[in-house]
Structure formats: structure tokens, C-alpha cells
Amino acid sequence: MLITNNSKMPKLRETTPEMGSSPIYAELISQTPGRVRLRVAPEYRQSQDIEPLIKLLNERLEIYRVRANIHSGSITIFYAQDHINFEGVWAILQDLGVTFSPIPEQEPRRLEKGQSDAAASVTYAVTHLNHRVRRATDGIVDIRFLIPLGFSVLAIRQLIVKGLMIEAIPWYVLAWYSFDSFIKLHYTSEPQE
């Protein structure tokens with residue numbers, strides 16, 4: 001993945017064919033003169049994702065040491081300030097396929113009252129997928145928007161294909177929608193005294 005190179009350094013993608021084309025998502029944790037610290041997203045905390053990046057960073061002359069903890073996803077880069085600045089290191093990382101975005105905090109999976117282990121696993125998987133969709137779309141949409149949108153598109157398609165068909169709707173479905181919409185539209189929690 002090529003991203004514009006702000007420091008006018010040569011692109012590394014042509015010289016580094018061993019890096020994969022998929023980006024590694026990371027978050028900037030700290031930046032001081034001569035040192036940059038990143039945290040890699042949990043799904044990229046495997047040695048096959050991080051070790052090629054570390055190897056390529058160590059080959060750069062202006063970077064004299066890279067320290068990584070694969071389990072925590074922490075990568076610390078020490079660079080020579082008289083040869084390169086923070087923007088140059090930032091451009092090198094972007095050229096190597098590192099995409100910077102905030103990483104959502106990982107919440108430990110815990111069972112809600114009355115929730116089975118299978119239900120907790122499904123909830124965790126959907127929550128994780130929701131974070132990935134939100135990150136992929138830069139926070140524009142998430143699953144809570146896409147699912148109702150999908151049902152709306154299906155409803156419009158059915159309306160176009162079959163018409164209103166009001167006479168085909170059973171009374172108990174209309175009664176349920178009446179009750180459900182009343183509860184959802186009037187549900188408010190009272191302020192605690």
C-alpha cells in the first residue's frame with residue numbers, strides 16, 4: 001500500500017517486495033526526539049506480520065535500533081536525529097504498509113448475567129467485526145447502520161416487486177409492531193434520586 005511520502009524520500013515499496021500488500025494497523029503511542037513508539041492492532045500481533053517490518057526497519061541506516069514486544073504489540077523505533085526527523089520515520093512506516101488509526105481498547109470477555117459462553121462468544125465476535133468495519137470505513141458506518149440499511153433495501157425491493165400487499169399482513173404482526181414501537185419509543189430510564 002503506497003501512501004504519499006511527505007519527506008520526499010524514495011519509495012520503499014519497489015525495494016521491499018517481501019512485505020505483504022495488506023496494511024498493518026497501528027496507533028502512535030508516544031513520540032520524543034529520536035524515539036517513536038507504536039502499538040500494533042491485536043489482529044496483527046503475530047511474528048509473521050511484525051518480524052518482516054522490524055527486519056526492514058533495521059536495514060535503514062537512519063534507524064539504529066528497533067525494539068518489539070509481539071505479545072503486547074509494542075514497537076519502539078530509535079532513530080538518528082541528525083539524519084532524519086519524526087516526519088521521515090512516519091513516511092518510512094507508511095511506505096512499509098503501516099496504517100495509523102486509533103485502536104479500540106480490548107475489553108475482556110465476560111459473561112453477562114444469564115448469558116451462556118456461546119452467546120458471549122457471538123457477542124464478542126460481532127463487536128470485534130463492528131470495530132473492524134468502523135475502522136475500515138474511517139468511522140463513517142458500522143454494523144448497526146449497515147444491517148438496518150440492508151433490511152430497508154430489501155423492503156424497498158419487495159415493495160417495488162410485489163406492491164403494498166396490506167391485505168396480506170396478519171393482524172398479530174401489526175399488533176406486535178404497535179406494541180414494539182411503543183416500548184422502544186417510550187423507553188426512558190428515570191433519573192436516580
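Provided above is the structure to which this section pertains.
Residues numbered from 1 in each chain as written. Predicted model: local features only at pLDDT ≥ 70, side-chain atom pairs only at ≥ 80, totals over all residues. Heavy atoms only, no water.

### Focus: the sheet that holds strand 4 (residues 74-79)
Applicable threshold: Following DSSP output, two strands are said to pair if at least two bridges run between them. Going along the chain from the N terminus, every DSSP run of H or I of four or more residues is numbered as a helix, and every run of E of two or more is numbered as a strand. Every axis in this analysis is a line fitted to C-alpha atoms, fitted for helices over the stretch in contact. Angles between the N-to-C directions lie between 0 and 180 degrees. In what follows, a contact means two residues having at least one pair of non-hydrogen atoms within 4.5 Å.
Judged by pairing direction, the sheet is mixed, and its five strands sit side by side in the order 3-4-2-1-5 without closing on themselves. At either end of the open sheet lies a strand with only one pairing partner, and these are strand 3 (63-69) and strand 5 (98-100). Direction aside, neighbouring strands of the sheet carry axes that sit 35 degrees apart on average. Of the pairings in the sheet, the one linking strand 3 to strand 4 comprises six bridges and is antiparallel in character. In the sheet register, Asn69 faces strand 4, and the bridge partner there is Ser74. Along the sheet, helix 2 (residues 86-95) makes contact with strand 1 (24-32), strand 2 (35-40), strand 4 and strand 5, crossing strand 5 at roughly 120 degrees.

### Overview of helix 1 (residues 47-58)
Stated formally: To estimate how far a helix should extend, the number of its residues minus one is multiplied by 1.5 Å. For each residue, the accessible area found with a 1.4 Å probe, counting protein chains only, is set against the maximum for its type, and the residue is called buried under 20%, exposed over 50%, and partly exposed in between. The arc refers to the directions leading from the helix axis to the C-beta atoms.
Spanning 12 residues, helix 1 covers 16 Å between terminal C-alpha atoms, matching the ideal 16 Å at 1.5 Å per step. Those residues of helix 1 that sit buried are Ile50, Leu53, Ile54, Leu56 and Leu57. Take helix 1 and look down its axis: the buried residues cluster within an arc of 165 degrees, on one side only. Among the structural elements, strand 2, strand 3, strand 4, helix 2 and strand 5 are those in contact with the buried residues of helix 1.

### Re the pattern of salt bridges
Counted only if it meets this: When a carboxyl oxygen of Asp or Glu lies within 4 Å of a side-chain nitrogen of Lys or Arg, that pair is called a salt bridge.
Inspection of the entire model under this criterion finds five salt bridges. In this structure, Arg144 engages Asp142 in a salt bridge whose closest nitrogen and oxygen atoms are separated by 3.2 Å. Judged by relative accessible area, which is 63%, Arg144 ranks as exposed. Under the relative-accessibility criterion, Asp142 is labelled buried at 11%. The network of salt bridges with common partners includes Arg134, Asp142 and Arg144.

### Points about helix 3 (residues 117-136)
Note that an α-helix has 3.6 residues per turn; residues three or four places apart therefore point the same way. Between its first and last C-alpha, helix 3 extends 28 Å over 20 residues, near the 28 Å set by a 1.5 Å rise per residue. Within helix 3, the full set of buried residues consists of Ala120, Asn130, Val133 and Arg135. Just past helix 3, the residue Asp138 takes up positive phi, approximately 55 degrees.

### Brief notes about the packing of aromatic side chains
To describe a pair of aromatic rings, you give the distance between the ring centres and the angle between the ring planes. Just so we agree on the cut-off: Side-chain rings of Phe, Tyr and Trp, where Trp is taken by its six-membered ring, are said to pair if the distance between their centres is within 6.5 Å; with planes under 30 degrees apart they count as stacked, over 60 as edge-to-face, and otherwise as tilted.
A full pass over the atoms with the stated rule returns five aromatic pairs. Ring geometry for Phe86 against Trp90: centres 5.6 Å apart, planes inclined by 55 degrees, an arrangement best described as tilted. Taken together, the positions of Phe86 and Trp90, both in helix 2 and four residues apart, correspond to about one turn of that helix. Residue Phe86 is classed as buried on the basis of its relative accessible area of 16%. Here the aromatic rings of Trp90 and Phe100 are separated by 4.0 Å at their centres, their planes lie at 15 degrees, and the arrangement is stacked. Highlighted residues: Trp90 in helix 2 and Phe100 in strand 5, separated in sequence by 10 residues.

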